[in-house]
Structures are given as structure tokens and as C-alpha cells.
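# Structure at a glance
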Amino acid sequence: MMRILILFFLLAPFCFATSNVNDDKRIKDALLKYNYGIIKMTKSGDTKLLKDMLSQEAYFKLMVWADSWKFSNLAMVAEINDLRFSPIAYNEDNATIRTLENWTYAYANLVERNYALEPTTIFYKMKYTLKKHHGHWIIVAVENLQEETFVKPNTHEPKVEEKKEKPLDDTSGGNSKGKIETH
């Protein structure tokens, strides 16, 4: 019996470490799918592409944002140049992560067939709050912490903060203001 207890205490840290490694991968995959899903959504106009990866509130806010461009006869043409992740902070079934994102995008006027906004390169510092839902990580809040626009190509590489964010205990999934911001 003593050997079993010793074996458990020796192996337990490896089991938890493997769980976090798997969750890290799943969270990063969810964020990549979300960001590339935004690009697909703006090309196709189909907001349902992201429905299963967002909470209902976050999905509704994204839908309103996408529809506002569509009703203005504008389409976003975007490309992700770089996406970097900070360490992920966990709290039971909640996680918080910051990213640095380098996007180049423009808005095309669909009626006049020209650019309403010429291609621009922007570095975003973002904060994502996620919740584990039926074994999958869904995004419940997206917050734009900082952005910097570059007129000409940027020559420096940003550094991701190594400080872990404390995840929210709130099961409603996000900041108290209930806001989601998109690119």
C-alpha cells in the first residue's frame, strides 16, 4: 500500500503537467481558429463559422460587428503576419492569455470596387478569456489592450509579456463590462 502511495505522489505531477500541455495546445488552437475564422468570415460573410468557438454573448457581439461592415457595403481583407502567445493562466475551467498580433488589413468598398481604407499594418496586444465547455475551450471575452499602427513595414519584433494573467472566477465568462472587441 505504501508503494502505491509513493508511486502516486511521484507520477501525479507528470499527469497534471501533461494535462496543462494538452490544454495549452487546445487553447492556442482555439485562438488560431478564431483569428483565421475572422478572416474567413469577413470574406464569406458567414458568421456561423465561429459560432461553436464563442460564448453566446461573444458570438452575438461579433455578429453585430461583422453585420455593421456588411450593411455599409464594406468587406475586410486581412492577413495575419505574426501571432505570439504569452503563458496561459488557468483557474479550474477558465483560462486567460495575452497575445501579440501583427495584422495587415484593408476595407474594400464592395459597391465602388475600391479601398475604403488602404492596407494598414497594426500590432495588437490582446487579452482572451476562455472557458472549458464540454471538453473544448471556447472564447468568452476578447479585449484589445493596445494597438499600434505602422504606415511602413515594421522592422522590430514585439515581445510578449512573460507575466501570467490571473484568470477570472466569473462563470459568465468575461469582464464585468461584457465587452468584446474585434480587429
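This text goes with the structure placed above it.
Structure report, in brief. (Residues numbered from 1 in each chain as written. Predicted model: local features only at pLDDT ≥ 70, side-chain atom pairs only at ≥ 80, totals over all residues. Heavy atoms only, no water.)

### A short note on helix α2 (residues 56-71)
With 16 residues, α2 should cover 22 Å at 1.5 Å per step; its first-to-last C-alpha distance of 22 Å lies within 8% of that length. Considered for burial, the residues of α2 that qualify are Ala58, Tyr59, Leu62, Trp65 and Ala66. Buried residues of α2 fall within an arc of 125° about the axis and therefore sit on the same side. More than 90 degrees from the buried face of α2, the exposed residues found are Gln56, Phe60 and Phe71. (Helix = DSSP H or I, 4+ residues; strand = E, 2+ residues; numbered from the N terminus. Expected span 1.5 Å × (residues − 1). Buried < 20%, exposed > 50% of the residue type's maximum accessible area, 1.4 Å probe, protein only. Arc of directions from axis to C-beta.)

### Regarding the environment of Pro87
Considering the arrangement of structural elements, one finds Pro87 in the loop between β1 (74-85) and β2 (89-91). For Pro87, a relative accessible area of 24% puts it in the partly exposed group. The sequence separation of Pro87 and Arg98 amounts to 11 residues, and the corresponding C-alpha distance is 7.7 Å.

### Looking at the pairing of strand β4 (residues 114-133)
Both strand β3 (residues 94-109) and β4 contribute to a ladder of 15 bridges, which runs antiparallel. Note that in β4 the partner of Thr104 across the bridge is Thr121. Between β3 and β4, which pair antiparallel and follow one another directly, the connecting turn spans four residues, one of which, Arg113, has a positive phi of 55°. Looking at chain direction, β4 and strand β5 (residues 136-150) are connected through 13 bridges and run antiparallel. Considered in β5, the bridge of Lys131 is made with Ile138. (Pairing = 2+ DSSP bridges.)

### Quick notes on the nonpolar core
One finds Tyr34, Trp103, Tyr128 and Leu130 to be the most contacted residues of the largest nonpolar core, which totals 33 residues. Those elements giving two or more residues to this core turn out to be α1 (2-44), α2, β1, β3, β4 and β5. (Core = buried A, V, L, I, M, F, W, Y, C linked by side-chain atoms within 4.5 Å.)

### Remarks on the packing of aromatic side chains
What the rule picks out here adds up to five aromatic pairs. Consider the rings of Tyr34 and Tyr128, whose centres lie 6.0 Å apart with planes at 80°: the pair is edge-to-face. Of this pair, Tyr34 sits in helix α1 while Tyr128 sits in strand β4; the two residues are 94 residues apart in sequence, bridging distant segments of the chain. Exposure class is identical for Tyr34 and Tyr128. Each is buried. Relative to Tyr107, the ring of Tyr105 has its centre 5.6 Å away and its plane inclined at 80°; by these criteria the two rings are edge-to-face. The class for Tyr105 is buried, based on a relative accessible area of 9%. Relative accessible area serves as the criterion here: at 6%, Tyr107 is assigned to the buried category. (Phe/Tyr/Trp six-rings, centres within 6.5 Å; stacked < 30°, edge-to-face > 60°.)

### So, the pattern of salt bridges
Tallied over the entire structure, the rule returns five salt bridges. Salt-bridge contacts for Asp29 lead to Lys25; the nearest nitrogen and oxygen are separated by 3.2 Å. Remark: Lys25 and Asp29 occur in helix α1; sequence separation between them is four residues, near one turn of the helix. Judged by relative accessible area, which is 30%, Asp29 ranks as partly exposed. Lys25 sits in the exposed class, given a relative accessible area of 53%. Among the ionic contacts, a cluster of salt bridges with common partners joins Asp23, Arg26 and Lys132. (Salt bridge = Lys/Arg side-chain N within 4 Å of Asp/Glu carboxyl O.)

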